[in-house]
Amino acid sequence: MEPPPLRDPAALADELVEEILLRSPPDDPARLVHAALVCKRWCRLLTGPAFRRRFRPAPMLGFLCNDAPRSGAGAGEDEACSARFVRTAASCPPVAPRRGWHALDARAGRVLLHRAAAAPAQAIRLAVWDPLARRHLDLPAPALPRRPRSWNAALLCDDGDGPFRVVVVGTDAEGAFACVYSSPSAPDPAAWTDPAYAPQHAADHVDAARAAVAGGALYFVCQRRTNLLKYNLGTGAMSVVRLPPASHNQRIALTTAAEHGGLGFVRMDGYRLGLWSMVGRPDGGGAVEWTRDRVIDLRTLLPVIDLLGYAHGHGIVLVGTVDGFFYVDQKSGRTTKVGDGPGFYNVVPYMSFCTPALGTVSTDEGSSANE
C-alpha cells in the first residue's frame, strides 16, 4: 500500500500554518526565516501583527553593548561612547554601531538611546531607534526645572504597530521625579508631561541598570542597591520597594518570570549568582517579601567582573568577564559566550522578528521617522 501523497505546505489554511509556526522555539529564529521562504503567503503571516502578538517571547536577535568611552586626544565628542550591536542569530543582518549614543532599553524591536554629550548640561537627549528598519527618531528634551542628580529611562511599546511611551525617572535637589513622553497618536501630538515629584523618595539616586515592567508598574534600581523605585503606570505614583540585605553593595539586574510576569532580580556574590523572586504585593495589598529560588556557581568561568543585564522572557542572565561576556540560562545554568571584551559597561538584549532573505524586515512596531 502506497503512502498518501504529501500535501503542498503552501496549500495549508492560514490558521493551521499559524498554529504550527507558533510552536517554533524562540531561541531558534532561523526556523521562522526558513518558513518565510516557503511562499509569499507564509511570509505575510509571519510578518503580520496577528502572529507577532501571539508569538511570545519574540526571538532574541542580539545585544546592544555600550562600549566604554574612548579617551585621548584623538577621541571626539561623538566617540564618548558607542552602542554596538552584537548579533546572536545568523538570520539577523549586520547593524552599524550608534556612535555618541548608548542604549538604555529595548522592547518590541525598538531601542531607547541616550546622547552621551548633551547641551545644556541638564538636558536629557533621547532617541528611539529601529536598528533593522534603519529608522531613528530624536525626541525633544523633557522640560526639567533643574539639573538632575540621577536619572534613568524605560521604553514602553504596544504589541502591534503604533505609538510608544518613554518614562524618565530621576532625582534632583527637590526629590524624586517622573515624566512621560507619548509619541504622536491622532488627534494628540507628541508631548512630555510635566515632571511629577515625590520629595519623600529622594534619599537614594537612580541607578543605570535597566528597568523592568511587572504588574502594571516600572521598577528602577537605586544606586545603593537596597531599594527599588516603583513607578505605577496607571496612576503615576512613586513608591519604594525594599530589597533583601546584602553583605556589600552588589550590582543587581531585575528579572521577570516568563510564566506569570512576576518581578525578581539576580545578584552576584563572588562566583555565585543568586536568583530571587518577589513574594507578596507591592501595591499596598500585603507586605513584600523576597525568596532566593536558586544559586548558580560560575567558578568554571573566568573571573566574573560584572553583572551586565537580563533578557526578559528568555530567562538569560548576562555576565562580563575578562574574556568577554556570557549568557547564563537561569533554568539549566548553562553558559554561552556571546561577545568579546572587556570594554563594555551595560548590555541590552534585543528581541524582534526578521526575514532578511526576502528583503523584508519586520519588528513588533513601526518607527516614526527616517534616519
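See the structure shown above.
Quick notes on the rules
Residues numbered from 1 in each chain as written. Predicted model: local features only at pLDDT ≥ 70, side-chain atom pairs only at ≥ 80, totals over all residues. Heavy atoms only, no water. Helix = DSSP H or I, 4+ residues; strand = E, 2+ residues; numbered from the N terminus. Buried < 20%, exposed > 50% of the residue type's maximum accessible area, 1.4 Å probe, protein only. Contact = heavy atoms within 4.5 Å. Areas by Shrake-Rupley, 256 points an atom, 1.4 Å probe, with all protein chains shown as cover. 1 Å grid on protein atoms, 1.4 Å probe; cavity = no way out; pocket = protein on both sides within 12 Å on 5 of 7 lines; lining within 4 Å. Points joined across faces, edges and corners; volume = space filled by probe spheres on them. Nonpolar A, V, L, I, M, F, W, Y, C, P; charged D, E, K, R; others polar. Salt bridge = Lys/Arg side-chain N within 4 Å of Asp/Glu carboxyl O. Pairing = 2+ DSSP bridges. Polar contact = N/O pair within 3.5 Å; in protein donor to acceptor, adjacent residues only side chain to side chain. Core = buried A, V, L, I, M, F, W, Y, C linked by side-chain atoms within 4.5 Å. Arc of directions from axis to C-beta. Axes fitted to C-alpha atoms, helices over the stretch in contact; angles between N-to-C directions.

Caption draft 1: Quick peek at the overall build of the protein. Assigned secondary structure in the protein consists of four helices and 27 strands. Of all 371 residues assigned to the protein, the portion counted as buried reaches 50%. Contacts in the protein between residues at least 24 apart in sequence constitute 52% of all its contacts with a sequence separation of at least 6. When the accessible surface of the protein is summed, it comes to about 17400 Å², and 51% of that surface belongs to carbon and sulfur atoms.

Caption draft 2: Region of the structure containing empty space enclosed by the protein. Across all of its chains, the model carries two cavities of 30 Å³ or more by this definition. Estimates place the volume of the largest cavity at around 180 Å³. Counting only elements with at least two residues in the lining of the largest cavity, the list comes to β4 (101-107), β17 (252-256), β21 (304-311) and β25 (344-351). In terms of residue count, β21 provides more of the lining of the largest cavity than any other element does, four residues in total. Residues of the lining of the largest cavity, tallied by class, amount to 12 nonpolar, six polar and two charged.

Caption draft 3: Main features of the pattern of salt bridges. Evaluated as defined, the whole model comprises seven salt bridges. In this structure, aspartate 306 engages arginine 251 in a salt bridge whose closest nitrogen and oxygen atoms are separated by 2.9 Å. Placement of the pair is aspartate 306 in strand β21 and arginine 251 in the loop between β16 (238-242) and β17, with a sequence separation of 55 residues. The exposure class of aspartate 306 is partly exposed, given its relative accessible area of 24%. With relative accessibility at 17%, the residue arginine 251 sits in the buried group. Measuring nitrogen to oxygen at the nearest pair gives 2.8 Å for the salt bridge that ties arginine 299 to aspartate 297.

Caption draft 4: Representation of the pairing of β17. Among the five residues that make up β17, five are buried, leaving the element largely enclosed by the rest of the structure. Where burial is concerned, the two faces of β17 agree: the one with Ile252, Leu254 and Thr256 and the one with Ala253 and Thr255 are both buried. Across five bridges, β17 lies against strand β18 (residues 263-269) in antiparallel orientation. Paired with isoleucine 252 across the strands is arginine 267, a residue of β18.

Caption draft 5: Expanded view of the side chain of serine 183. Checked against the element boundaries, serine 183 lands in the loop between β10 (175-182) and β11 (191-192). One polar contact links the side chain of serine 183 to the main-chain amide nitrogen of phenylalanine 164, over a distance of 2.8 Å. The residues contacting serine 183, other than those within four sequence positions of it, are Pro163, Phe164 and Ala190.

Caption draft 6: Inspection of the nonpolar core at higher detail. With 26 residues, the main nonpolar core has Phe63, Leu318, Phe325 and Val347 as its most contacted residues. Sorting the residues of this core by element identifies α1 (14-21), α2 (30-36), α3 (40-47), β1 (60-67), β21, β22 (316-321), β23 (324-329) and β25 as the ones contributing at least two each. Ranked by residues supplied to this core, first place goes to α3 with four residues. In contact with leucine 318, not counting residues within four places along its chain, are Phe63, Leu307, Leu308, Gly309, Tyr310, Phe326, Tyr327, Val347 and Pro349. Listed in part, the 19 residues of the second largest apolar core include Ala108, Cys157, Cys179 and Trp192.

Caption draft 7: Layout of α1. For α1, the full list of buried residues reads Val17, Glu18 and Leu21. Looking down the long axis of α1, one finds its buried residues gathered within 100° of arc, a one-sided arrangement.

Caption draft 8: Spatial organisation of the sheet that holds strand β7 (residues 135-138). Taken in spatial order, the four strands line up as β4-β5-β6-β7 in an open sheet, and their pairing is antiparallel. In the strand order of this sheet, the two ends are held by β4 and β7, each with one partner. Each adjacent strand pair in this sheet contributes to an overall mean axis angle of 25°, direction not counted. Note: strand β5 (residues 110-115) against strand β6 (residues 126-130), four bridges, orientation antiparallel. Counted as the bridge partner of valine 111 is tryptophan 129 from β6.

Caption draft 9: Fine view of the environment of threonine 336. Summarising the element assignment, threonine 336 is placed in strand β24 (residues 335-339). Judged by relative accessible area, threonine 336 falls into the partly exposed class, the value being 23%. Residues threonine 336 and phenylalanine 325 lie 11 residues apart in sequence; the distance between their C-alpha atoms is 8.7 Å. Those residues in contact with threonine 336 that sit more than four places away from it in its chain are Phe325, Phe326 and Tyr327.

Caption draft 10: Structural context of the environment of glutamate 289. Mapped onto the secondary structure, glutamate 289 falls in strand β20 (residues 289-297). Once the C-alpha coordinates of glutamate 289 and valine 241 are considered, the two residues, 48 residues apart in sequence, prove to be 9.7 Å apart. What glutamate 289 contacts, discounting residues up to four positions off in sequence, is Ser277, Met278 and Val279.

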